[in-house]
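Observations on chain architecture
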Amino acid sequence: MKNVLVTGAGGFIGSHLLELLVKSDYKVKAFVHYNSLGTYGWIDTLPKKIKNEIEVFYGDIRDPNGVREAVKNVEGIFHLAALIAIPFSYHSPDSYVETNIKGTLNILQAARYSNVSKILITSTSEVYGTAKYVPIDEEHPYQGQSPYSATKIAADRLSESFYRSFNMPISIVRPFNTYGPRQSARAVIPTIIGQLLAGNTEVKLGSLTPTRDFNYVLDTVNGFKEIYESVHTIGEEINIATMKEISIGTLANEIIKQINTSARIVCDEERLRPDKSEVNRLMGNNEKIKRLTNWVPQYSLEKGIQETISWLSNNLAYYKTNIYNI
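Residues numbered from 1 in each chain as written. Predicted model: local features only at pLDDT ≥ 70, side-chain atom pairs only at ≥ 80, totals over all residues. Heavy atoms only, no water.

**Some details on the packing of aromatic side chains**
- Throughout the structure, instances matching the rule amount to 16 aromatic pairs.
- Measuring from ring centre to ring centre gives 5.1 Å for Trp42 and Tyr318, while their planes differ by 65°; the resulting arrangement is edge-to-face. On the criterion of sequence distance, the pair formed by Trp42 in the loop between β2 (27-33) and α2 (48-51) and Tyr318 in the segment after α11 (301-315) is long-range, its members being 276 residues apart.
- Exposure remark for Trp42: the relative accessible area of 16% places this residue in the buried category.
- Each ring, one from Phe88 and one from Tyr96, has its centre 6.1 Å from the other, and the planes form 50°; the classification is tilted.
- Assessed through its relative accessible area of 29%, Phe88 is described here as partly exposed.
- Taken together, the aromatic side chains of Trp42, Trp311, Tyr318 and Tyr319 make up a single cluster linked through ring pairs.
- Over the face of the ring belonging to Phe166 we find Arg112, whose NZ or CZ atom lies 3.6 Å from the ring centre.
- Positioned above the aromatic ring of Tyr299 is the side chain of Lys303, whose terminal nitrogen or guanidinium carbon lies 4.6 Å from the ring centre. (Phe/Tyr/Trp six-rings, centres within 6.5 Å; stacked < 30°, edge-to-face > 60°. Helix = DSSP H or I, 4+ residues; strand = E, 2+ residues; numbered from the N terminus. Buried < 20%, exposed > 50% of the residue type's maximum accessible area, 1.4 Å probe, protein only. Lys NZ or Arg CZ within 6 Å of the ring centre and 35° of its normal.)

Okay, structure coming up:
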């Protein structure tokens, strides 16, 4: 099943997954959001030997006709295309419904009438909301604390229904907070690093008390590959997590120590989530992925942060560090 489609291939996680699959001798069709500039997102920055090995398909995940064409003649699907920024979902929820729910439905419907042997649907730890217990396993209840998380819960349940109703070969992959090179500036780690590398002595952040379970992106995409290649994962929902948590404040101070010890953190109210929408604690259980696959994380948070700082130091021009990116 090495002839695959990757949706969201031009994005942060998608571009790293594409790169890993090509290096692992997969034949990859990269579904890229159509744009008049003719760009492929982060794929444009990949080495030529990687780009030469992929087939690029321009489309819009919200359009069932284009999705149906993209799914033709592939054996497997990695569905990552989504809108993911939580603040943007507060004022544009319709676009999240169209992209995250309807887009997933388009993939499921197209795959239902094709010869696809396995489909990975990308979920998020945000579907759990604030932890009711830790570490959070796959049996933890769901709670839609933002329009974004609500649409991802809906997409997950829609995918489960297709598995149960039509016996489709679906796995739901649930990464906890992924970080690393190419991540959007809206995310907390590139936000902190970007402000510091730009020479700011004040790091603007929202709430410092929430905790997160951070996966380095290469560990995350290796998790996708292991779940895809395992014969035990169809019909399963599977966390990718480290089983470690760190508060945003502690994380920020650790990064400050590495870049500019004279910098200080200031609260920017614009970056605060509404009280009932803030997810206060996330720490995932990774026992299931380790039981069903050969996945083992390779990066500590310290090593991953160092790699991210190094990459951002050479690519800061891609980021607008002087504004709040939602």
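**Here's the deal with the sheet that holds strand β4 (residues 76-79)**
- With parallel pairing, the 7 strands of this open sheet are ordered in space as β3-β2-β1-β4-β5-β6-β11. Each edge of the sheet is formed by a strand with only one pairing partner; in this case those strands are β3 (54-59) and β11 (237-240). Shown here is a sheet whose adjacent strand axes are inclined to one another by a mean of 20°, direction ignored.
- Direction of pairing for strand β1 (residues 3-7) relative to β4: parallel, over a ladder of 4 bridges. (Pairing = 2+ DSSP bridges. Axes fitted to C-alpha atoms, helices over the stretch in contact; angles between N-to-C directions.)

Honestly, it's all geometry; don't read function into it.
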